[in-house]
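Understanding the architecture of this molecule
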Amino acid sequence: MKQKLYFLPESEIPTQWYNIQADMKIKPQPMLDPVTRKPVTVEDLSRIFSVECSKQELNTTDAWIDIPEEVREYYAYYRPSPLVRAYGLEKALDTPARIYFKNESVSPIGSHKLNSALPQAYYCKQEGVTNVTTETGAGQWGAALSYASRLFGLECAVYQVKISYQQKPYRRNIMQVFGAQVTPSPSMSTRAGKDILTAFPNHQGSLGTAISEAVELARMTPGCKYTLGSTMSHVSLHQTIIGLEAEKQMALAEDYPDVVIACFGGGSNFSGIAFPFMRHTLLEGKKTRYIAAEPSACPKLTQGEFTYDFGDEAGYTPLIPMFSLGHNFKPANIHAGGLRYHGAGAIVSQLMKDGIMEAADVKQLETFDAGLLFAKAEGIIPAPESCHAIAVAIREANRCKENGQAETILFNLSGHGLVDMAAYDQYLSGNLVNCD
Ligand SMILES: *Cc1c(COP(=O)(O)O)cnc(C)c1O
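About the criteria used
- Residues numbered from 1 in each chain as written.
- Predicted model: local features only at pLDDT ≥ 70, side-chain atom pairs only at ≥ 80, totals over all residues.
- Heavy atoms only, no water.
- Pairing = 2+ DSSP bridges.
- Helix = DSSP H or I, 4+ residues; strand = E, 2+ residues; numbered from the N terminus.
- Axes fitted to C-alpha atoms, helices over the stretch in contact; angles between N-to-C directions.
- Contact = heavy atoms within 4.5 Å.
- Salt bridge = Lys/Arg side-chain N within 4 Å of Asp/Glu carboxyl O.

1. Regarding the sheet that holds strand 9 (residues 224-226)
Read across the sheet, 4 strands follow the order 8-7-6-9 without closing on themselves; strand pairing throughout is parallel. Two strands lie at the open edges of the sheet, namely strand 8 (181-185) and strand 9, each paired on one side alone. When strand polarity is set aside, the average angle formed by the axes of neighbouring strands in this sheet is 25°. Strand direction decides the pairing type here: strand 7 (residues 155-161) and strand 8, joined by 5 bridges, are parallel. Bridge pairing in strand 8 links Gln 160 to Pro 184. Packed onto the sheet, helix 6 (residues 140-152) meets strand 6 (131-136) and strand 7 and runs at close to 165° relative to strand 6.

2. Quick notes on the sheet that holds strand 14 (residues 358-362)
Ordered by their spatial adjacency, 7 strands build an open sheet running 1-4-5-15-10-11-14, and the pairing between neighbours is mixed. Both outer strands of the open sheet, strand 1 (5-6) and strand 14, are each paired with one neighbouring strand and no more. Relative to strand 15 (residues 408-413), strand 10 (residues 259-263) runs parallel, the two sharing 3 bridges. By the bridge assignment, Val 259 is partnered in strand 15 with Ile 409. Strands strand 4 (83-85), strand 5 (98-103), strand 14 and strand 15 of the sheet are contacted by helix 15 (residues 364-378), whose axis makes an angle of about 95° with strand 14.

3. Observations regarding the pattern of salt bridges
Tallying each qualifying case throughout the model produces 18 salt bridges. Here Asp 44 ties to Arg 47 by a salt bridge, and the two come within 3.6 Å at their closest N and O atoms. Note that Glu 358 is salt-bridged to Arg 289, the shortest N-O span being 2.7 Å. Here the residue Glu 358 occupies a position in strand 14, and Arg 289 occupies one in strand 11 (residues 289-295), the gap between them amounting to 69 residues. A single network of salt bridges, built from pairs that share partners, joins Arg 289, Glu 358, Glu 396, Arg 399 and Glu 407.

Put into structure tokens, the structure is as follows:
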């Protein structure tokens, strides 16, 4: 029988994350304090983030960072995640390419987000914090943080983008099951929310707005820290567990990727699967392509500008050197809520600028065409975000077919779509549009 799944034992859960900043010849430019224009310090960042995450954020020298044992123990609830050879998809496409995917949908909350929620909650607990707060779009990050907060005994308050709060009640319910308090954003509970609602009474919310509200709550509340599900360098660091496992699993399959693909919101699952392989490109000149798949409706890497911009709508965050569509950008209401963010992380932005990675944009209908093809071939219904990675993997597999090349394609399945069936319902009834 042909081997379909590549498993690792629990003992092979990595003991360290990989910090690509240490190996980058051209480091990301520093984040700046918007008032003084000086690089932010650990002290600045730790006013809103845990001290340990603030240190990790600015660490450009240590390539390997220890994973706390308690975090590894919770990783073992769902990790190592399987690497899957997509024979079904290969057959459906009639391609000579070998396609593999890393299945992050097996986490208890259904996406990769828990990989960073666990350490972020753990460090807060260690540092005596009692409450955490955050923003969430489709609800994946909010769900992950709610569950991680439950495990480490923290109170959790989530600002959910209003349109998602209304359209995705089940993810809101998941957060509530784990005991989180969920508020639709913009709300009247913060200065930032009030200002936005006064200017735009029908504002449907965006990740940028919800971040402003959560940051404000963390600043105003003693014992409360802010956490972020993407974009920041420490989040990308935590997600490298994906690629570190995948590297070992590809070795079990006696294969190595020519192309690595992931969907792109702020860049955390992309960084997670790509950076451990990219290490060999940076250090040994290994020729691998890395492709970020973003929505045409929110095309920061393919259409945005490399600039210093805020991470949020109200301008509470430091200035971040990144590809951005502008912090007031209001993306169309595509179903891939996790990809509706105006900017990209500082590390990926630098790698993009230096030509070490590429980006491709995909329209909504193509993503769902890809998602359905994948579901029929492999039996897993992908999250609308993940459909972007699948669409680009299919483009690459079709290119291999045209050129008769048997390349190896690896993509990250960032999550399943079982809580996104309203989106599939729209697609199946012919009511889905491209939005751009
Ligand atoms: C949040 C999310 C994304 C996008 O975030 P990144 O930080 O870019 O990875 C992608 N897929 C799923 C399933 C998500 O929940």
